[in-house]
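# Residue-level structure breakdown
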Amino acid sequence: MKISVKNISGINCVCDALILLFVEGDSEFYKKFGSAFQKQIRKAFSKEFHGKRNELLLMPAPKGIKPERILLIGLGKKNEVSAENIRQAGGKAAVHLRDKGMKKIAVSTNLISSLKLSPLNFIEGALLNLYKFERYRKEKDNKKINNITILSKTSKRLSDELRLTGAITSSVYFARDLINTPSNDMTPSDLAKAAVSLRQKNLSVKILEKKDTEKLGMGAYLSVAKGSHEPPKFIVLEYKGAKSKPLALIGKSITFDSGGISLKPSDGMEKMKYDMAGGAAVLGVLKTASALKLPVNLIGILPATENLPGGSATKPGDIARSITGKTVEIINTDAEGRLIVADAIGYAIKNFKPKAIIDIATLTGACSVALGNEAIAMMGNDRKLLDNIKKSADNTFERVWEMPLFDEYKEYIKSDIADIKNTGGKNGSLVTAAYFLYEFAEKTPWVHLDIAGTAWVEKDKPYIPKGASGIGVRLIIDYLRSELR
Ligand code: BES
Ligand code: MN
Ligand code: ZN
């Protein structure tokens, strides 16, 4: 896919289809394209197209202009148009044209600029929605867009934004590929290989083997790995772009969650390959940071293992000792995410004294019960960090919704014989899972992002095709960049 910027008018652009954006009820925006053209647009506005949000109309181009076809796409009411509407329009328009077999497309940026929005949101939406996971198809889809031309004046700002959008979307693709890959091809070792593939001068990757983590005392993490024949891999990445204290990013990396001895019901269990979506997001962020040489320091940690039942698996009632020395009574082996993330938090604090920790995890089914598939559940111990992540969530539309960490939740996870237990019962299980992690973060500023409801989409969204969403990459990159502004 080639993306280029050309400072020519739409009527002079040789392409299969030219995309024109419209706000609701205004058929006149492109009238300088000529009277034949304008007549055709007015006719459309009289019946089949109104400029409503994400409304589409593909038509042959009138004689006398160079594009073969025109695609009209609506943005909705003029005073309500946001960056997100532009992103969605990009997603919808690009996939519509791809599915009709178009190869070379162009987009007019006049309306976007007149609304003081960025054409790169359109490109971002387009690229994100053009994603396809085809690894296991013998016959690949040959409908592919090869060329997108942005019709605009060239500028340093535009080319910088283009580079940024390219880096971010390719990292989202990277994350989605890892998540969509089934667990037989995405074992902890495969995930470790994917991490190693990101090695660069500014990005180091180290894999702690089982015996290393035993030496370090990561009993909570290891208790999850006990039932599997696949060796666990504790993956640590270090991105150095500055001299400051690092930010630690921890991604839950259960490559398959069967529940362990507390086995899950088989209905829908196939989806538990996406229980490493947090880890994939962290890899996506480090990949982007490294490609863009962002002036920040990052630690990425992916505690990777399968969670399976078996003769040597952890049993309910067993007690594990975490790297911090805290003991955990394992009431339910299906509450494994918090065990591996807790040891990762302990490891991060011990080894790197990070200025803050963000963990991202498909942690609880209760997350989707509370928020459906529309928002990340966010909890944390640091107001400023929470507020800044909320801002980035609004910028990227990877929305977060904050949930409380009331002191009273501590009671829920009190164990009779260990320091803490790994479940607090059904009620409040979204927040008690986070409270468990809170007990390990202690005084380090920390935010937890539960992406169980958003990491996988059941039906196409405007720029997320069904399957892995790759959520978290755009959010965290925006947060990192906002810290630099
Ligand atoms: N990986 C699951 C959470 C999950 C469920 C993610 C559905 C995505 C979709 C997690 O390990 C889990 O099993 N959580 C349990 C915890 C319970 C046993 C306290 C849950 O939420 O049911
Ligand atoms: Mn589980
Ligand atoms: Zn899980």
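Residues numbered from 1 in each chain as written. Chains lettered and ligands numbered in written order. Predicted model: local features only at pLDDT ≥ 70, side-chain atom pairs only at ≥ 80, totals over all residues. Heavy atoms only, no water.

The three strands lie next to each other as β12-β13-β17, forming an open sheet whose pairing is mixed. Either end of the sheet is taken by a strand with one partner, and the two such strands are β12 (319-321) and β17 (420-421). Here β12 runs beside strand β13 (residues 327-329); their pairing, made up of three bridges, is antiparallel. In the strand pairing of β13, I319 is matched with E329. (Pairing = 2+ DSSP bridges. Helix = DSSP H or I, 4+ residues; strand = E, 2+ residues; numbered from the N terminus.)

Now for the nonpolar core. L283, L298, I389 and L449 are the most contacted members of the largest nonpolar core, which totals 67 residues. If one sorts the elements of this core by residue count, helix α9 (residues 277-292) sits on top with nine residues. The contact partners of L298, leaving out residues within four places of it in the chain, are L237, E238, Y239, L247, L249, V285, L286, A289 and L480. Counting residues in hydrophobic clusters, the runner-up holds 51 residues, among them A44, A61, A94 and F122. (Core = buried A, V, L, I, M, F, W, Y, C linked by side-chain atoms within 4.5 Å. Buried < 20%, exposed > 50% of the residue type's maximum accessible area, 1.4 Å probe, protein only. Contact = heavy atoms within 4.5 Å.)

Along its 12 residues, helix α15 (residues 473-484) runs 17 Å from first to last C-alpha, staying within 8% of the 16 Å computed at 1.5 Å per residue. Among all positions in α15, only V473, R474, L475, I476, I477, D478, Y479 and L480 are buried. (Expected span 1.5 Å × (residues − 1).)

Right, let's get into the sheet that holds strand β3 (residues 56-60). The strand order β1-β6-β5-β2-β4-β3 describes an open sheet built from six strands, whose pairing is mixed. If you trace the sheet from one side to the other, it starts and ends with β1 (2-6) and β3, each paired once. For this sheet, the mean angle separating the axes of adjacent strands, direction not counted, is 20°. Pairing between strand β2 (residues 17-22) and strand β5 (residues 104-108): three bridges, direction parallel. Bridge assignment links A17 to a residue of β5, and that residue is I105. Helix-sheet contacts for helix α1 (residues 35-46) involve β2, β3 and β4 (69-74), and the interaxial angle to β3 is about 145°. (Axes fitted to C-alpha atoms, helices over the stretch in contact; angles between N-to-C directions.)

According to the domain assignment, the chain contains domain 1 (2-153) and domain 2 (168-484). Once you take the C-alpha centre of each, domain 1 and domain 2 turn out to be 38 Å apart. Taken together, the contacts link 16 residues of domain 1 with 18 residues of domain 2. For the pair domain 1 and domain 2, the summed buried surface comes to about 1,600 Å²; carbon and sulfur atoms form 59% of the total. Viewed at the interface, domain 2 and domain 1 are joined by two salt bridges. Ionic pairing is found between R474 and E124, a salt bridge with its closest N-O pair at 3.3 Å. Within the residue set of the side of domain 1 that touches domain 2, elements represented by two or more residues are α2 (83-99) and α4 (119-129). A breakdown of the residues in the side of domain 1 that touches domain 2 according to their chemical character gives six nonpolar, five polar and five charged. (Domains from an automatic or database assignment. Buried area = accessible area lost by both parts, 1.4 Å probe. Salt bridge = Lys/Arg side-chain N within 4 Å of Asp/Glu carboxyl O. Nonpolar A, V, L, I, M, F, W, Y, C, P; charged D, E, K, R; others polar.)

Let's shift gears to the coordination of the zinc ion (ligand 3). The coordination sphere of the zinc ion (ligand 3) contains the protein donors K252 (NZ), D257 (OD), D275 (OD) and E336 (OE), at a distance range of 2.0 to 2.4 Å. Given six donor atoms and angles of 79 to 173° at the metal, the environment of the zinc ion (ligand 3) is assigned as octahedral. Separating the zinc ion (ligand 3) from the manganese ion (ligand 2) is a distance of 3.2 Å, and D257 supplies a donor atom to each of them. Of the two residues, K252 sits in the loop between β9 (247-251) and β10 (253-257) while E336 sits in the loop between β13 and α10 (337-352), which places them 84 residues apart along the sequence. An identical accessibility class is assigned to K252 and E336; each is buried. (Donors = N, O, S within 2.8 Å, 3.2 Å for Na, K, Ca; no water. Tetrahedral: all angles 85-135°; square planar, octahedral: opposite > 155°, others 65-115°.)

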